[in-house]
There are 2 protein chains.
Amino acid sequence: MRTRLAALLLGISAMPAYSDEGMWLLNDPPRQRLKEKYNFDLTDEWLERARLASIRFNNGGSGAFVSANGLIVTNHHIAADALQKLSSLERDLFRDGFYAKSSADELKCPDLELNVLQSIEEVTDQVNAAVKPEMKPAEAFAARRAAMAEVEKASLDKTGLRSDVVTLYQGGAYHLYRYKKYTDVRLVFAPEEAIASFGGDVDNFEFPRFGLDVSFFRAYEADKPVAAKHWFKWSAEGARDGDLVFVTGNPGTTNRLETLDKLKHRRDITLPFTLARIRAMEAALIQYGERGPENKRRATTDLHRYANSRKAFSGQYQGLLDPKVMEMKVAAHNELAEDQILRKPGSERHKKAFDAADRRIAEIQKVYATFEKPYNLVETGTAFPSTLFTIARHIVRMTKEVGKPNGDRLREYRDSNLESLKFELFSPAPIYPDLERVKLLTGITFLAEQMGGNDTLVRFTLDGLSPAGLVDDLLTTKLADPAERKRLVEGGIIAVEDSTDPMIMLARRIDRHARELRKRFETEVEEPERQAYAEIAKVRFAVLGKSIPPDATFTLRLAYGVVKGYEAEGQKVPFATTFAGLYERAEAQRHKEPFTLPKRWLDGKGKLDLSTPYNFAATSDTIGGNSGSPVLNRAGEFVGINFDRNRFGLVRNFVYTEEQARHISVHSKGILEALRKLYDCPGLVKELTGAD
Amino acid sequence: MRTRLAALLLGISAMPAYSDEGMWLLNDPPRQRLKEKYNFDLTDEWLERARLASIRFNNGGSGAFVSANGLIVTNHHIAADALQKLSSLERDLFRDGFYAKSSADELKCPDLELNVLQSIEEVTDQVNAAVKPEMKPAEAFAARRAAMAEVEKASLDKTGLRSDVVTLYQGGAYHLYRYKKYTDVRLVFAPEEAIASFGGDVDNFEFPRFGLDVSFFRAYEADKPVAAKHWFKWSAEGARDGDLVFVTGNPGTTNRLETLDKLKHRRDITLPFTLARIRAMEAALIQYGERGPENKRRATTDLHRYANSRKAFSGQYQGLLDPKVMEMKVAAHNELAEDQILRKPGSERHKKAFDAADRRIAEIQKVYATFEKPYNLVETGTAFPSTLFTIARHIVRMTKEVGKPNGDRLREYRDSNLESLKFELFSPAPIYPDLERVKLLTGITFLAEQMGGNDTLVRFTLDGLSPAGLVDDLLTTKLADPAERKRLVEGGIIAVEDSTDPMIMLARRIDRHARELRKRFETEVEEPERQAYAEIAKVRFAVLGKSIPPDATFTLRLAYGVVKGYEAEGQKVPFATTFAGLYERAEAQRHKEPFTLPKRWLDGKGKLDLSTPYNFAATSDTIGGNSGSPVLNRAGEFVGINFDRNRFGLVRNFVYTEEQARHISVHSKGILEALRKLYDCPGLVKELTGAD
């Protein structure tokens, strides 16, 4: 039985010709696979447009140019952050939607940065050359960091483009990504939240699905709309059942190439901790939101974010507890370690290197387990999940770091990143003290829960106060005012040292501890893992070539698949839903939240062609970060916008399957139908279709 | 500074003459204090009525007889369990309320047991005599358990009354409580949930407050209403500002006499674990409830329970993180250890015994920390928070235990408890498989999160399946049918061993592990703690006498205090709210949930005297379990029903203060006004007032 199962599972995990697995690098695209399986020629021209018309939303999503006039489409839930920052109690764009009739009406987002990938350059040798075999981990880490910062700085100086060295294959390769940045981004159109997120948390990660999860922005330069050379033509017909489609976007994180011991560490340490933290935050935000309508408005995007994470991480966790999933991972490991390696020349050397690296990674997890929680809480900052604290820490650290040579700084303060960082740091977006209060109180209480009331970090944080007393004090900070932030940054180390702002004082008070934890992470986990994974990658490349793309890194990738329904619980689930289905679902749920339709949709039902495809499913390989990715047809036309996976896709962090797992998109035809019939936005429709 | 603070705090914690602290034993009432402070003579007659008219709701609350015809008042939230069990999608008594116009309409509750305290007998010597100094903890535990079971059995045989030996002072004393039981209890009246719990989780543990948290039952014997000899006369005027009032009810648990190390253990181990567990359950129930209206109905009482626990335990946890609270505990400890003991004859001996016991308790906590989580999860059963699992475990264990001598059994299966246990076990109350599913899945997932995916207990539980797969399997159980439960219990060990019911199999599969953990708890924590606390109690009695009542044990206690407002955030909070305030709060919250008024209240506003007192605050010492306790005036008349504390009372588990901490009650006059003007229930009003 076990052998048969393993063989069966291997059919999936070893990615034979018939699987659509893969978030492919744009400089290493799957031309041969596409040709063999779909008889599709991936041309340079097609790829170039895909690269230059696809957009990274720096706040964690994707999007695409869809007109020559710099019009950009993304998901409503990716636009949410900007919508929220543009809203107030009196004018709630997030809830009520928005349309700019003219260019003059378009609303500038306070702190939205978009990136368009211009080029990729392999820099693995440069980065690795800095690290000498005799170096201790701390030296190796510093040398590597310096090498990366230098590559980035040189590229920035030469090209003026945002330049990021990206670590691929967990340390197996380093590529330099150069981006054109857009920081003048203006809101053009958003529907009501109730239709964008129809079904809310209940329907999240489910299919059939009925969300108009779409919004439009426009990029500006020098106060003029960007003339986009590359953009995707909006397909009026959109995706059809059985079509080959492509997804170009920025998947955030996958863990498919991690070793078994790393996954067990995730299962037993990282995920339980993460879930506990998310639950604490979500609960606090729900309770805060229940206290009144304005509270609810202020909490809503945070709440959506935590609720989404909770579902995503719960799915991952359930996956790692599922013997079937673990069996797949074990089978894939054994296939490589016991079978594939041994069939190749040099197998003994490969086998030894592979096993040693695998064991080293197991050892690293044991070390990491001893300080992962405090590292996460105090250094990555989950104990202080507050905008004001984040600002305070950046001010405290940046003023210190910029005095050091570029290569010696904490990585986020490298020269090539400072502009983007300051753009965020000086954002005039509103900050709500009462929302900050509940988030800080929850985070600091969670810190105490995890570490114990007598722990050093807890005592340094609380400084003799109760959590509530501390938070009261912290909220007398002046950092809500961007001018005060600028004053401190410009005043440098001395201004910061002199500051008696309680938030600055907290950031200062715990900085030594936080930096120690960071140092431990870098030298005891990050660098040794990189080295071990680099060994594994070397073996993998030698044995399998580069037929397996690297794990996701929130950089541009190409995925492909087929528009396709599936079976679940004995029922056939068709590839697409329709507007008719939307109204049926609202009716079945008695129009109760989160199934309440906006008035426009209730009144306008008669105007719609109810058979229009609305949301659809496809097999392409996606993950969080792909939200807002354009879905393209063979001709490179926009046929839909990806916004989610179904529940069967929740284990995609670890394994790709295509029997039932699907990503979910809003259909380009459905979007047009809604815009035309329900939203009074002829200008937008014309821009998308070219027709009147 | 520290000294002054300590002295100041001691003023509170050492309970001088002016404090109203105390949940007093009815066989050791605070006559002298009441005489001195309030010039009140606590007569035997007053006490006897208080004892015999006060009721324990065995599902975790309190109540009182309020007519000679067996009419009982309690809180709506204590009635909730019965209301829910009597409801269905078609007839939702919990949401919509209920009134039985005639005796024939009164609805029998499926499994509600009420207890009325008949007598208390000191049995400390009998229980302690069984334990010899040379005994090891396991022997001592067994001997003590056997002694307690024998005392109970003998009392039951002699009196026919429910007989429970209660451990007081954490092991310092043992008293035998004898109860008259009522198991035919019928629903008479309940208001709508929206008014009973007006303000919901938002207003829970807050004051000013606006809830009609009241319901009425009637006790029956031989199918006739009980002729109650003792009952509280309903005061038409009710509580007035400044009145001395009494609360007679069953406070559940306090921890005021626990040592500092025990409290630190609670802070660093018990409470963080409990909070994480409650959050997981509450989140799962919220998400389940959002999937549709019937889901919401089914989840609602569980959800209220978890939400209430979350607020209560969060309050405790914040209290233990508050330096002011810890300072009070340290000061009280030092006062006893350094000052009071040393002032007494025999001080050296006392001091030595006290310090040794204190140290022993600290050591016990270190041991307990190594297995508290698995003990809680698998033995107390929080990993399986399911009615069906609880049934399965009782069947598996009871069939085995009843074959042993009474004194050797797990305590819940002692002869004197079997009748009550079977009453619950064979309850025909509905069980909802989908609700069981979400609770089991959450509990079992939480077990894995806490213990790790490869832990023995987790592997034994999952038995090769994923959590979802296991739960699917478990829910094919036949135990939803009471006849199947009876069949197994009657079939005894053999029927249980032969059973292939998956829930029985799970209970069997983990029983060895669960019993081992229980054994460890009993012999490494419970028994040694009892012995150590008995030492401390001896010293305390020698030094202070019995001036400090024991911690709460869900047995009848007498508390007293003054009806009184307080100041908070610079504002005066009056002693009572009015109906006018109710309508204002609903308006201010735009009538959104949980501030939605029932139609009857919206339509009937004009009929009410809006100045009628509605909810009121008093200083009496209460805790969870006191819900539903009658509040009495000097004459022993019913002036209100306790239902909550304010947020300042959340640390009452550890310290009593009376500057701001209050318990909250519904006013007897307010209840009458609502019954008369809004609810068409003349029979009930007549029974309460004696008037037409």
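Residues numbered from 1 in each chain as written. Chains lettered and ligands numbered in written order. Predicted model: local features only at pLDDT ≥ 70, side-chain atom pairs only at ≥ 80, totals over all residues.

Moving on to the overall build of chain A. When you go through chain A residue by residue, the secondary structure sums to 26 helices and 21 strands. Rg of the C-alpha trace for chain A: 25 Å, near the compact-globule value of 26 Å for 692 residues, within the 12% margin. Relative to its 692 residues, chain A shows a buried fraction of 52%. The long-range share in chain A, meaning contacts at least 24 apart out of those at least 6 apart in sequence, stands at 77%. (Helix = DSSP H or I, 4+ residues; strand = E, 2+ residues; numbered from the N terminus. Rg over C-alpha atoms; globule rule 2.2 N^0.38 Å. Buried ≥ 20, exposed ≤ 12 C-beta atoms within 10 Å, placed from the backbone. Contact = placed C-beta atoms within 7 Å.)

With that settled, the discussion passes to the interface of chain B and chain A. Across the contact, 32 residues belong to chain B and 32 residues belong to chain A. Those elements giving two or more residues to the side of chain B that touches chain A turn out to be helix H9 (200–203), helix H10 (260–289), helix H11 (293–321), helix H17 (433–451) and helix H19 (467–474) of chain B. For the side of chain B that touches chain A, the element with the most residues is H10(B), which contributes ten residues. Taken together, the residues that form the side of chain B that touches chain A break down as 13 nonpolar, eight polar and eleven charged. (Nonpolar A, V, L, I, M, F, W, Y, C, P; charged D, E, K, R; others polar.)

With that out of the way, let us pick up the domain arrangement of chain A. All names here are of chain A. For chain A, the domain assignment lists domain 1 (2–113 + 183–256 + 550–689), domain 2 (118–182) and domain 3 (371–509). Domain 2 and domain 3 are separated by 28 Å when their C-alpha centres are compared. When residues of the side of domain 2 that touches domain 3 are traced back to their parent elements, those giving at least two are helix H7 (137–159) and strand S8 (162–168). A total of seven residues in the side of domain 2 that touches domain 3 trace back to one element, the largest contributor, which is H7. Of the residues assigned to the side of domain 2 that touches domain 3, the class counts are three nonpolar, one polar and five charged. (Domains from an automatic or database assignment.)

Now for the nonpolar core. A general trend in soluble globular proteins is that nonpolar side chains are found buried together. In this structure, A:Ala392, B:Phe65, B:Val66, B:Ile72 and B:Ala392 are the most contacted members of the largest nonpolar core, which totals 243 residues. If near-sequence neighbours (up to four positions away) are discounted, B:Ala392 is found in contact with B:Leu479, B:Met503, B:Ile504, B:Leu506 and B:Ala507. Listed in part, the 117 residues of the second largest apolar core include A:Phe57, A:Ala190, A:Ala194 and A:Tyr533. (Core = buried A, V, L, I, M, F, W, Y, C linked by C-beta atoms within 7 Å.)

On to the confidence of the model for chain A. A low pLDDT means the predicted coordinates there should not be read in detail. All names here are of chain A. Of all residues in chain A, 97% have pLDDT values of 70 or greater, and the mean over the chain is 95. The low-confidence segment residues 1–16 (pLDDT under 50) makes 22 contacts with residues lying over four places distant or belonging to another chain. Confidence estimates for the predicted assembly give a pTM of 0.95 and an ipTM of 0.93. (pLDDT = per-residue confidence, 0-100.)

Quick look at the relation of the copies chain B and chain A now. For the pair chain B and chain A, the superposition axis carries a translation of 0.0 Å, the fit reaches an RMSD of 0.0 Å, and the rotation angle comes to 180°. Viewed as a symmetry operation, the transformation between the two copies matches a two-fold axis. Most of the interface of chain B is mirrored in chain A, where 100% of its interface residues again form contacts. (Least-squares fit on C-alpha atoms with pLDDT ≥ 70 in both.)

Take unusual backbone geometry next. Residue and element names in this part refer to chain A. With an omega of 0°, the peptide bond between Glu 593 and Pro 594 qualifies as cis. Mapped onto the fold, Pro 594 is located in the loop between helix H23 (579–588) and helix H24 (599–603). The backbone phi angle of His 591 is positive, close to 55°, even though this residue is not glycine. If you trace the backbone, His 591 turns up in the loop between H23 and H24.

The terminal C-alpha atoms of helix H12 (residues 323–340) of chain A, which comprises 18 residues, lie 24 Å apart, in line with the 26 Å expected from a rise of 1.5 Å per residue. Within H12(A), the full set of buried residues consists of A:Val325, A:Met326, A:Met328, A:Lys329, A:Ala331 and A:Ala332. (Expected span 1.5 Å × (residues − 1).)

Next up on the list: helix H10 (residues 260–289) of chain A. Along an α-helix, residues three or four positions apart point the same way, because every turn accommodates 3.6 residues. All names here are of chain A. In this model H10 runs 41 Å from its N-terminal to its C-terminal C-alpha over 30 residues, within 8% of the 44 Å that 1.5 Å per residue would give. In H10, a bend of some 45° at Arg 266 exceeds every other bend along the element. Most of H10 is tucked away: 22 of the 30 residues are buried. (Bend = angle between axes of the 7 residues up to and from the residue.)

Residues and elements named next belong to chain B. By the secondary structure assignment, Thr 619 is in the loop between strand S18 (613–618) and strand S19 (630–632). Here Thr 619 falls in the buried class, since 25 other C-beta atoms lie within 10 Å of it. Apart from residues lying up to four places away in sequence, Thr 619 is in contact with Asp 20, Gly 561, Val 562, Lys 564, Glu 658 and Arg 662.

Residues and elements named next belong to chain B. Mapped onto the elements, Asp 184 comes out in strand S10 (residues 184–190). Judged by the 18 C-beta atoms lying within 10 Å of it, Asp 184 is partly exposed. For the pair Asp 184 and Phe 460, spaced 276 residues apart in sequence, the C-alpha separation works out to 41 Å. Excluding residues within four positions of it along the chain, Asp 184 makes contact with Lys 108, Tyr 220 and Glu 221.

Right, let's get into the sheet that holds strand S1 (residues 24–25) of chain A. Sheet strands associate in pairs through backbone hydrogen bonding, adopting either a parallel or an antiparallel arrangement. All names here are of chain A. Spatially, S1-S14-S13-S19-S20-S21-S18-S17 is the arrangement adopted by the eight strands of the open sheet, whose pairing is antiparallel. The sheet terminates laterally at S1 and strand S17 (576–578), the two strands that pair on one side only. Both strand S19 (residues 630–632) and strand S20 (residues 638–645) contribute to a ladder of three bridges, which runs antiparallel. Along S20, the bridge assignment pairs Val 631 with Gly 640. Strand contacts of H23: S17 and strand S18 (613–618), with the helix running at about 70° to S17, the strand carrying the most contacts. (Pairing = 2+ DSSP bridges. Axes fitted to C-alpha atoms, helices over the stretch in contact; angles between N-to-C directions.)

Our next topic: the sheet that holds strand S20 (residues 638–645) of chain B. Residues and elements named next belong to chain B. A sheet is described by the order of its strands in space; here eight strands give the open sequence S1-S14-S13-S19-S20-S21-S18-S17, paired in antiparallel fashion. Both outer strands of the open sheet, strand S1 (24–25) and strand S17 (576–578), are each paired with one neighbouring strand and no more. Sheet topology note: the strand S13 (residues 244–249)/S19 ladder contains two bridges and is antiparallel. Each bridged residue has a counterpart across the sheet, and for Phe 246 the counterpart in S19 is Leu 632. Seen against the sheet, helix H25 (residues 668–677) touches S18, S20 and strand S21 (663–667) and runs at an angle of roughly 40° to S21.

Residue and element names in this part refer to chain A. Burial along strand S4 (residues 71–74) is two-sided: the face carrying Leu 71 and Val 73 and the face carrying Ile 72 and Thr 74 are both buried. In this sheet, S4 lies alongside strand S3 (residues 61–65) in antiparallel orientation, the contact comprising two bridges. Across the sheet, Ala 64 pairs through a bridge with Val 73, a residue of S4. Connecting the antiparallel pair S3 and S4 is a turn made up of five residues, with Gly 70 showing a positive phi of about 75°.

We now examine the packing of H10(A) against helix H13 (residues 347–369) of chain A. Residue and element names in this part refer to chain A. One way to put it is that H10 packs onto H13 with a least axis distance of 9 Å and a crossing angle of 20°. Overall, the two elements H10 and H13 adopt an arrangement that is roughly parallel. For H10 against H13, the interelement crossing comes out right-handed. Of the residues in H13, those in contact with Asp 261, Lys 262, His 265 and Ile 269 of H10 are Ile 361, Ala 362, Gln 365, Tyr 368 and Ala 369. Its residues placed into classes, the contact of H10 with H13 shows five nonpolar, two polar and two charged. (Parallel < 35°, antiparallel > 145°, perpendicular 65-115°, else oblique. Left-handed = near helix turned anticlockwise from the far one by under 90°.)

Residue and element names in this part refer to chain B. Summarising the element assignment, Lys 519 is placed in helix H22 (residues 511–544). Given 13 C-beta atoms within 10 Å, Lys 519 falls into the partly exposed group. Spatially, the C-alpha atoms of Lys 519 and Ala 130 are 19 Å apart, while their sequence positions differ by 389 residues.

What follows concerns the pairing of strand S11 (residues 215–221) of chain A. Residues and elements named next belong to chain A. Counting buried residues along S11, five of its seven residues qualify, which places the element largely inside the surrounding structure. Alignment of S4 against S11, held across four bridges, turns out to be antiparallel. Residue pairing in the sheet places Val 73 in a bridge with Phe 216 of S11. One ladder, built from five bridges, connects strand S10 (residues 184–190) with S11; its direction is antiparallel. Note on S11: the bridge partner recorded for Val 185 is Ala 219. Bridge analysis of S11 against strand S12 (residues 224–225) gives two bridges, and the strand direction is antiparallel. Bridging from a neighbouring strand, Glu 221 pairs with Lys 224 of S12. If you look at the hairpin formed by S11 and S12, you'll find two residues sitting between the two strands, and Ala 222 has a positive phi there, around 50°.

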